[in-house]
Amino acid sequence: MSEQQPYVKQTIENQVGYIEFFHPAHNSLPGNILAELAQTITNAGGNDDIKVIVLKSGGDRTFCAGASFNELINIDDEATGKVFFSGFANVINAMRKCPKFIIGRVQGKTVGGGVGVASATDYCMATKFAAIKLSELNVGIGPFVVGPAVERKLGLSGMSQIAIDANTFYPAEWAKQKGLFTQVFDTTEALDEAVKTFAEDLCNYNPEAMKEMKKIFWQGTEDWDTLLAERAAISGRLVLSDFTKETLKRFK
C-alpha cells in the first residue's frame, strides 16, 4: 500500500479495533473515503472480536482537513451538493449508532468536517498540535452538518464562537477546556501510548454495560439521521450561491 494512496484500514490488537483513514491532501476526505469510513465503523460495531474502537488518521501533521476541496469545487446542482455534504453526516451517524465506545486519537490540526468527526467520538485524546478550526463560513457555507456534533461537545457558545471566527485556529488546550479533548499530550508517541493503554483497559469492562452507557450518552440525538440530512441540503444549496462559487474560484 503506497503511503500516498488514500485508504481506510482496520487492524485489531488486543480486542481494540484501530480504524485509520488517510488522504495525501492533509487527510481531507472525498466522498468514497467517507463512505468507506462509515461502513468500516458500522462493521466494527458488529464485530465480536472488537470491544473498543480507536479512530485515527495517517500522517503526523493533520488529523483531518475536512471535506475534499476538489469535489466541493465541482458541485453544480443541489442533489450532488446534498450527497457530498451527506458524507460527513453518514460518518457521524455511524459513530453515533455504533454500540461500542469510540476513542479519538487526534495527532494534529483538524478543520471543518474533521472537527465534527473528533466531536462524535466518545472520548477524545490529542496532542498539543491539535488546533481546531471551523472554516466553512470562509467559503460561503456554514458548519451545518457537523454543527450538532460539535455543539454536543463544546456547547452552543463554544461551537458558535469557532463557527463565526472562521479564520482562527483554536489551540488544543482551548478544545480541552471546552470538553472536546479529555487529555492533551506533548508528543504523538505519548498520545499513542496513552490511547493504547486506555483502550486496552476498557476492554476489561462489561461490553453490555458500555453499550448501555453509550445509548445514554447519545440520548436525544435519535433524530440525527433526518436532521443531518436536512443540514446537508442547506449546505448543498449554499454551495451553489454566487458568493460561494466566486470564493471557490480562488482555490482552483
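Here is a short report on the structure shown in this document. None of these values were measured; they are calculated from a predicted model. (Residues numbered from 1 in each chain as written. Predicted model: local features only at pLDDT ≥ 70, side-chain atom pairs only at ≥ 80, totals over all residues. Heavy atoms only, no water.)

## So, the sheet that holds strand E3 (residues 52-57)
Okay, step 1: Taken together, the 6 strands give an open sheet; going across it, the order is E1-E2-E3-E5-E7-E9, and neighbouring strands pair in mixed fashion. Of all strands in the sheet, those bounded by a partner on one side alone are strand E1 (7-13) and strand E9 (183-185). Direction aside, neighbouring strands of the sheet carry axes that sit 20° apart on average.
Okay, step 2: Direction of pairing for strand E7 (residues 123-127) relative to E9: parallel, over a ladder of 3 bridges. Directly across from Ala126, in E9, lies its bridge partner Val184.
Okay, step 3: Helix H1 (residues 31-45) contacts E1, strand E2 (16-22), E3 and strand E5 (102-106) of the sheet and is inclined by roughly 20° relative to E1. (Pairing = 2+ DSSP bridges. Helix = DSSP H or I, 4+ residues; strand = E, 2+ residues; numbered from the N terminus. Axes fitted to C-alpha atoms, helices over the stretch in contact; angles between N-to-C directions. Contact = heavy atoms within 4.5 Å.)

## Section: the packing of aromatic side chains
Okay, step 1: This structure, assessed with the given rule, holds 7 aromatic pairs.
Okay, step 2: On the basis of an interplanar angle of 50° and a centroid distance of 4.6 Å, the ring pair of Tyr170 and Trp174 is categorised as tilted. For the residue pair Tyr170 and Trp174, the accessibility class agrees, reading buried in each case.
Okay, step 3: When the ring of Trp218 is compared with that of Trp224, the centres are 5.7 Å apart and the planes differ by 90°; the resulting orientation is edge-to-face.
Okay, step 4: Looking at Trp218, the relative accessible area reads 3%, which means it is buried. (Phe/Tyr/Trp six-rings, centres within 6.5 Å; stacked < 30°, edge-to-face > 60°. Buried < 20%, exposed > 50% of the residue type's maximum accessible area, 1.4 Å probe, protein only.)

## Observations concerning the pairing of E1
Okay, step 1: One ladder, built from 7 bridges, connects E1 with E2; its direction is antiparallel. Of the residues in E2, the one forming a bridge with Thr11 is Tyr18.
Okay, step 2: Linking E1 back to E2 in an antiparallel pair, the connection comprises 2 residues, with Asn14 at a positive phi of about 50°.

## Observations concerning the side chain of His23
Okay, step 1: Locating His23 in the fold gives a position in the loop between E2 and H1.
Okay, step 2: Residue class for His23 comes out buried when judged on its relative accessible area of 17%.
Okay, step 3: In this structure the side chain of His23 is engaged in a polar contact, spanning 3.0 Å, whose partner is the backbone nitrogen of Ala25. (Polar contact = N/O pair within 3.5 Å; in protein donor to acceptor, adjacent residues only side chain to side chain.)

## Quick notes on the layout of surface pockets
Any empty space left between the atoms is revealed when a probe the size of a water molecule rolls over them.
Okay, step 1: Considering only enclosed or pocket space, the largest pocket measures out at about 460 Å³ in volume.
Okay, step 2: Together, 27 residues line the largest pocket, and Ala67, Phe69, Gly112, Ser135 and Glu136 are the ones closest to its centre.
Okay, step 3: The set of elements that each furnish at least two residues to the lining of the largest pocket consists of helix H2 (69-73) and helix H3 (78-97).
Okay, step 4: With 3 residues, H3 is the single largest residue contributor to the lining of the largest pocket.
Okay, step 5: Residue classes in the lining of the largest pocket are distributed as 16 nonpolar, 8 polar and 3 charged. (1 Å grid on protein atoms, 1.4 Å probe; cavity = no way out; pocket = protein on both sides within 12 Å on 5 of 7 lines; lining within 4 Å. Points joined across faces, edges and corners; volume = space filled by probe spheres on them. Nonpolar A, V, L, I, M, F, W, Y, C, P; charged D, E, K, R; others polar.)

Remember that the coordinates give geometry; whether it matters functionally is a separate question.
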